[in-house]
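So you can see what is in the structure, the chains are spelled out below.
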Amino acid sequence: QGRLMCRSMTAPSLSQNLLGVSARQEIVVYLPPSYGATNRRFPVLYFLPNFKCDLWRYTGANFQGFRFKESLERQIKAGAAREMIIVAPNTVHFLGGSWYRNSPLTGNWEDFVTRDLVQYVDAQFRTIPSAESRGLAGHGVGGLGALELALKHPDLFGSVYAMSPAIFDENGVGNLRTLKDQAARAWQANLEKWKTMDDGARRRSFRDYIQTRLNSPSSAVFLEGLFVSYAAAVAPDPSLPYPHIRLPLPNERAADPQLALLFENGMGGWKEKLQKYLAAGRPLRAITIEYGRNDEYEWIRRGADYVSGLMHSLSIPSELAVHDGGHESALGRRLETAMLPAISNSLRHD
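Because the structure is predicted, anything quoted here is derived from the model rather than measured.

Here is what the cut-offs are and how they apply
Residues numbered from 1 in each chain as written. Predicted model: local features only at pLDDT ≥ 70, side-chain atom pairs only at ≥ 80, totals over all residues. Heavy atoms only, no water. Phe/Tyr/Trp six-rings, centres within 6.5 Å; stacked < 30°, edge-to-face > 60°. Buried < 20%, exposed > 50% of the residue type's maximum accessible area, 1.4 Å probe, protein only. Helix = DSSP H or I, 4+ residues; strand = E, 2+ residues; numbered from the N terminus. Lys NZ or Arg CZ within 6 Å of the ring centre and 35° of its normal. Axes fitted to C-alpha atoms, helices over the stretch in contact; angles between N-to-C directions. Parallel < 35°, antiparallel > 145°, perpendicular 65-115°, else oblique. Contact = heavy atoms within 4.5 Å. Nonpolar A, V, L, I, M, F, W, Y, C, P; charged D, E, K, R; others polar. Core = buried A, V, L, I, M, F, W, Y, C linked by side-chain atoms within 4.5 Å.

**Q** Summarise the packing of aromatic side chains; cite the residues concerned and give the values.
**A** Both the distance between ring centres and the angle between the ring planes are used here to describe each pair of aromatic rings. One pass over the structure, following the stated rule, counts 22 aromatic pairs. Consider the rings of Tyr 35 and Phe 42, whose centres lie 5.8 Å apart with planes at 35°: the pair is tilted. Phe 42 matches Tyr 35 in its accessibility class, with the two residues each being buried. Both rings, one in Trp 187 and one in Phe 206, keep their centres 6.2 Å apart while their planes meet at 80°; by these two values the pair is edge-to-face. Taken together, the residues span a long stretch of sequence, with Trp 187 in helix α5 (residues 177–194) and Phe 206 in helix α6 (residues 199–214) at a distance of 19 residues. Given the relative accessible area of 1%, Trp 187 is considered buried. Judged by its relative accessible area of 0%, Phe 206 falls in the buried class. Grouping aromatic residues by their ring pairs yields a cluster made of Phe 51, Trp 99, Phe 222, Phe 227, Tyr 230 and Phe 263. Between the NZ or CZ atom of Lys 273 and the centre of the ring of Trp 270, over which it lies, the distance is 4.5 Å.

Written as structure tokens, this is what we have:
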């Protein structure tokens, strides 16, 4: 049998961030059955968790019984998958998640994955240290991160499997107009309140504000907190008072085109992203975008169809896979029977 372990690692890329996110992070590592019995080197799957999704959910059967270790070993035994190392980093903090972006507010999470994490894993374990033997996968915001990082760093990763990725179609933030307006109104009210507070009180009030929303049973209130977290990743502004976040306010007479572009490109801007990928001249071995046909977030379904269509129009080899179920209702089966075999068979093995 394989081995599942938890490691704590120092992440230099996350140091000195303005909101106090720890530069010490936990990672889960799975080593396949042959790792302890041979001197072979193995390819690595880096799995990026969804927004506000703790690592135990992927190791403790939270998604219809899915566990990295047992699920992969079932697929290996069935002959559907090959042995590989799996690494899943913690990316959850008090703002819900990193969005896998570099931000002075929460730390440089793109650099954490592509630099700190890859270097740590290659130094600590018997990996095959080449792009052809590294794969990226993720779900939701993790699917967005996996797709963006793989396209941006084909020198590091050779394959990507983006599950229900949080990506926009050509309508961009317009898909979330109601959410954006709701979040902006609440944000403006809190900015007025925070102006009267000293620094310590402002920090406590902001943390209470974001935690109340991210832990709300109301999906509308939760999404309000998610939008503020997104703003911290895509529109940080250290020149503003704490919490240094730019968010379009409802009383602004004229839209700020630069700010609008930041919000569009966080989950959108795919024409430019794909053109840059093509210009790099290093094609990935495999690209898969997938979603559940009953995903509750219609904009995710539209975004996946749109980006898949763009890839087809640009002659970028890729696959669009549509599965039964919603955003999470069949996620365990999709992870085990689709994602794990696809990634393991797309990577180069010794």
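**Q** Outline the packing of helix α7 (residues 219–234) against helix α8 (residues 257–267), listing residues and values.
**A** Two numbers describe how α7 lies on α8: the axes approach to 10 Å, and their chain directions differ by 105°. Considered as vectors, α7 and α8 are oriented roughly perpendicular to each other. Residues Phe 227, Tyr 230, Ala 231 and Val 234 of α7 form the contact with α8, whose participating residues are Leu 262, Phe 263, Gly 266 and Met 267. Residue composition of the contact of α7 with α8, grouped by class: 7 nonpolar, 1 polar and no charged.

**Q** Go over the nonpolar core, please, and point to the residues and values.
**A** With 88 residues, the main nonpolar core has Leu 147, Phe 206 and Phe 263 as its most contacted residues. With 9 residues, α7 is the single largest residue contributor to this core. Those residues in contact with Phe 206 that sit more than four places away from it in its chain are Phe 94, Leu 95, Trp 187, Trp 194, Val 228, Tyr 242, Pro 243 and Ile 245. Leu 55, Phe 63, Leu 335 and Ala 338 belong to the second largest nonpolar core, which has 25 residues in total.

**Q** Any chance you could break down the packing of helix α4 (residues 141–152) against helix α9 (residues 270–280) for me, citing the residues and the numbers?
**A** Contact geometry of α4 with α9 gives a least axis separation of 9 Å together with a crossing angle of 40°. The orientation of α4 with respect to α9, classified from their angle, is oblique. Seen from α4, the contacting residues are Leu 144, Leu 147, Glu 148 and Leu 151; seen from α9, they are Trp 270, Lys 273, Leu 274 and Tyr 277. In terms of residue class, the contact of α4 with α9 is made up of 6 nonpolar, no polar and 2 charged.

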